[in-house]
Amino acid sequence: MDSFQALSMTNAYGTRDIEMSNQTKRSKGGWRSAIFIIFVEMGERFAYYGVAGNLIMFLTNVLGQSTATAAKNVNIWRGVSAIFPLFGAFVADSYLGRYKTILLSTIIYLMGLILLTLSVTKIPLQHSQTVFFLALYILSVGEGGHKPCVQTFAADQFDEDLPEEKAAKSSFFNWWFLGIVVGATTAILVVIYVQDYVGWGIGFGMLAVVVAAALGLGACMRRVKVMVFGLMNSNSGEVEGGPKVGTLARTNQFRFLDKAMIIDETDKSSKTRDPWRLCSVNQVEEAKLILGLVPIWLTCLMFNVVIAQLSTYFTKQGSTMVRTIGSSHFQVPAASIQVCTGLTILIAVPLYDRLLVPIARNLTGHPTGITMLQRMGIGIFLSILTMVVSALVEAKRVKIAKYHGLINSTKAIVPIRVWWLLPQYILCGLSDVFTVVGLQELFYDQMPEGMRSMGAAAHIGIVGMGSFLSSAAISVMQVISSKFGDEWLSDNLNQARLDCFYWVLAGLSAVNFCFYVLVAKGFVYKKSECDDATKDTELN
């Protein structure tokens, strides 16, 4: 067929016609391209966790903030950093395109790291706090453009029309997450040690160097034509060889939206179709996809409230415990214990992808072994266990502190090894492997194809809202507990009732899990008209 074939493509910002020649269709980059993008993301994650992983210790030890105030500030910053991607996704999908947005946001990120370094090395202490927080939120702006685009950009390198590449895309999300964890774990092992024992300026400066290198790699993407096959479409954010928009099949969910397709007398009498009065099947089904993801989004918030404790109260717990290795005098930085979560993920992801998925596939017949929602549900259940174990370990730590008469000593080291915290860190890692990767794949796969950057931003936004909710929970616990006795979350963890706070989070997580199961059972997966063999509703 020599003529061009007209395709109708609908996204969140309107409907437009594009033409594509079947004969000139280019292949995508596949794993070759995706691996390079993973390296860029590893550099950005190295920088992010180099800041976030030890931030609470900087705020308390250098800036002199109370533990509760520092924890709230960390949560608010993490929350803002995870909300900004919603704006970055809109800019990418509507104006700049993903590639240009990635480059621009990385430049902003680098500027923030340079300012962060200057705030702890060149600016007097009385003024450094203002500059430090300004630099932090410049990082949030950079994060907003980078996060929603880079993962989607990498996933788009796989052609969904080819069965082998469609299967590879599901595996890609596992290895993408593994790359993120490699960057984060390296930062926690190396950067945090430098910050604690060499200097904060050198620690932050290292992060700027790595991001500058990632920026250089990103700037070479189009020249080497490894990651980009064709020119960027500045209006749509589409890349040639990127995702095509197929025709969605009609579903029975949210049937009230079907009224938007009904042709009334006014429409019949009109020579041209009014897009504000009449919608296509694709438009209605895309609206259903977005609406169907909202309950999933809401029931995953509690999971991220739990994970928010990893870089706040877990770290402060560790700072009160014995952190020496063997008989040596070397002390492991409290924030570096987070490396146990990273190592857990590094071990669990390959095992899941290469061992558990094939076994589950043979048992269930599902291409990925279990569905995305089943995977997420396992992780949410593990997050409940994380809080239960954390509460039990904290109760033991306080009991030992009482036995040795250390209750009134704020900075005393309780004679209990920090390795008692390992179970809760490991459980955090396992829950991440199931829920976080499942979320990434779900919000990529089930979003309308023209809105996949927004989908990435939406799942990142769960992290942001979880951080905000964690900060709110701390404030509520402080108010309520102070009215009925001692404050649960006081600066002196030996007098505080952090274990009670953990039990509250475990209870809320259990209730949330019940709602999640109900929502997951009613979820309808996306179905295209050409996919006749796919059932309307997969087993959840």
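Refer to the structure presented above.
Residues numbered from 1 in each chain as written. Predicted model: local features only at pLDDT ≥ 70, side-chain atom pairs only at ≥ 80, totals over all residues. Heavy atoms only, no water.

## Points about the pattern of salt bridges
Pairing between side chains becomes possible if they bear opposite charge and their charged atoms approach one another.
Here is step 1: Overall, the coordinates contain 7 salt bridges when judged by the stated rule.
Here is step 2: As a salt-bridge pair, Lys-147 and Glu-41 come within 2.9 Å of each other at their nearest N and O atoms. Residue Lys-147 is found in helix α6 (residues 125-155), and its partner Glu-41 is found in helix α1 (residues 30-52); the two are separated by 106 residues along the sequence. The burial state of Lys-147 is the same as that of Glu-41; both residues are buried.
Here is step 3: Here Arg-45 ties to Glu-143 by a salt bridge, and the two come within 2.5 Å at their closest N and O atoms. Of this pair, Arg-45 sits in helix α1 while Glu-143 sits in helix α6, and the two are 98 residues apart along the sequence.
Here is step 4: By relative accessible area, which is 6% here, Arg-45 ends up buried.
Here is step 5: Residue Glu-143 is classed as buried on the basis of its relative accessible area, which comes to 5%. (Salt bridge = Lys/Arg side-chain N within 4 Å of Asp/Glu carboxyl O. Helix = DSSP H or I, 4+ residues; strand = E, 2+ residues; numbered from the N terminus. Buried < 20%, exposed > 50% of the residue type's maximum accessible area, 1.4 Å probe, protein only.)

## Examining helix α14 (residues 339-364)
Here is step 1: At Tyr-352, α14 shows its maximal bend, which comes to roughly 45°.
Here is step 2: If you check which residues of α14 are buried, you get Val-339, Cys-340, Thr-341, Gly-342, Thr-344, Ile-345, Ala-348, Val-349, Tyr-352, Asp-353, Val-357 and Ala-360. (Bend = angle between axes of the 7 residues up to and from the residue.)

## Looking at the nonpolar core
Here is step 1: Residues Leu-113, Phe-132 and Leu-442 are the most contacted members of the largest nonpolar core, which totals 121 residues.
Here is step 2: Counting residues domain by domain, this core receives three or more from each of domain 1 (28-232) and domain 2 (279-527).
Here is step 3: For Leu-113, the residues in contact, after removing those within four places along its chain, are Ala-47, Val-51, Leu-139, Leu-207, Ala-208 and Val-211.
Here is step 4: Core analysis: the second largest hydrophobic core is formed by 7 residues, Val-357, Ala-360, Leu-382 and Phe-434 among them. (Core = buried A, V, L, I, M, F, W, Y, C linked by side-chain atoms within 4.5 Å. Domains from an automatic or database assignment. Contact = heavy atoms within 4.5 Å.)

Coordinates in, geometry out; function isn't part of it.
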